[in-house]
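# Coordinates in review
Here's the letter readout for the chains.
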Amino acid sequence: MSGVWMYAQDSGYTSRQSLVGFTVEAADGTIGHVDRQQDQPGMQHLVVDTGVWVFGKSILIPAGAVAGIDTETRTVKVSGTREEIKAAPQFTTDSETADHRYLSAVCNYYHSLRRPLAP
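Presented here is an overview of the structure given in this document. (Residues numbered from 1 in each chain as written. Predicted model: local features only at pLDDT ≥ 70, side-chain atom pairs only at ≥ 80, totals over all residues. Heavy atoms only, no water.)

## Side note on the overall build of the protein
Applied cut-off: Helix and strand assignments follow DSSP, with helices taken as H or I runs no shorter than four residues and strands as E runs no shorter than two, numbered in order from the N terminus. The rule is simple: take the accessible area with a 1.4 Å probe, protein chains only, and divide by the maximum for that residue type; under 20% is buried, over 50% is exposed, in between is partly exposed. Every residue pair with non-hydrogen atoms within 4.5 Å of one another is taken to be in contact. Only the protein chains shown count as covering a residue, and every accessible area follows the Shrake-Rupley method with a 1.4 Å probe.
The helix and strand inventory of the protein stands at two helices and six strands. Its helices and strands in sequence order give the protein the pattern β-β-β-β-β-β-α-α, from N to C terminus. Per-residue burial for the protein yields a buried fraction of 46% across its 119 residues. A separation threshold of at least 6 residues defines the contact pool for the protein, and within that pool the share at least 24 residues apart is 54%. Working note: accessible area of the protein is about 6,300 Å², and carbon and sulfur atoms make up 50% of it.

Following this line, the structure appears as structure tokens:
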């Protein structure tokens, strides 16, 4: 399960790099902004504040879904479309990041997307 929870080597991520405040973009538009991130090895992910796009909710995006990081424009590009990201298992509270069933559901969902993720 850990592959989806790590940044791909070609994503542009550097160790301990803060992405908080970066704009998050899917293939077809903006999703929101990085509200917080987890850099624990094997559990790396972003919590994205979607603003009004998804009724003011946050979305958990595993690091393996990050396709690229542009530090100049402060943008994180993720694999998938806005609808694919929106259809991911719902994130409601940080305690879910310790729930094995929730994490497995997120992992399985992102692995099921057509675009390749980190192995």
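## Describing the sheet that holds strand β5 (residues 66–70)
Put simply, the rule is: Criterion used throughout: strands pair if DSSP finds at least two bridges between them. The axes are straight lines fitted to the C-alpha atoms, using for helices just the contacting stretch, and the angles between their N-to-C directions are given from 0 to 180°.
On the basis of which strands lie adjacent, the open sheet formed by six strands has the order β4-β3-β2-β1-β6-β5 and mixed pairing. Whereas interior strands pair on both sides, the edge strands pair on one side only; in this sheet they are β4 (58–62) and β5. Ignoring strand direction, the axes of neighbouring strands in this sheet form an average angle of 35°.

## Quick word on the packing of aromatic side chains
What counts, and what does not: Here a Phe, Tyr or Trp ring, Trp counted by its six-membered ring, pairs with any other such ring whose centre lies within 6.5 Å, and the pair is stacked when the planes are under 30 degrees apart, edge-to-face when over 60, and tilted otherwise.
Following the criterion strictly, the structure yields two aromatic pairs and no others. Measuring from centroid to centroid gives 3.9 Å for Y7 and Y13, while their planes differ by 10°, and the two rings are stacked. The same class applies to Y7 and to Y13, which are both buried. Seen from their ring centres, Y109 and Y110 are 5.5 Å apart, and the 90° between their planes marks the pair as edge-to-face. Both residues of the pair, Y109 and Y110, count as buried.

## Examining the pattern of salt bridges
Side-chain pairs of opposite charge can arise whenever the charged atoms involved come near each other. Under the convention used in this document: Within this document, salt bridges are pairs made up of a side-chain nitrogen of Lys or Arg and a carboxyl oxygen of Asp or Glu, the two lying within 4 Å of each other.
For the coordinates displayed, the defined rule picks out three salt bridges. Across the salt bridge formed by E25 and K77, the nearest N and O atoms sit 3.0 Å from each other. With E25 in strand β1 (residues 23–26) and K77 in strand β6 (residues 75–78), the pair connects residues that are 52 residues apart, well separated along the chain. A relative accessible area of 24% means that E25 is categorised as partly exposed. One salt bridge connects R36 with D35, and the closest N-O pair in it is separated by 2.5 Å. Classification of D35 by relative accessible area gives partly exposed; the value is 36%. Overlapping salt bridges, with partners in common, bring together D35, R36 and D94 in one network.

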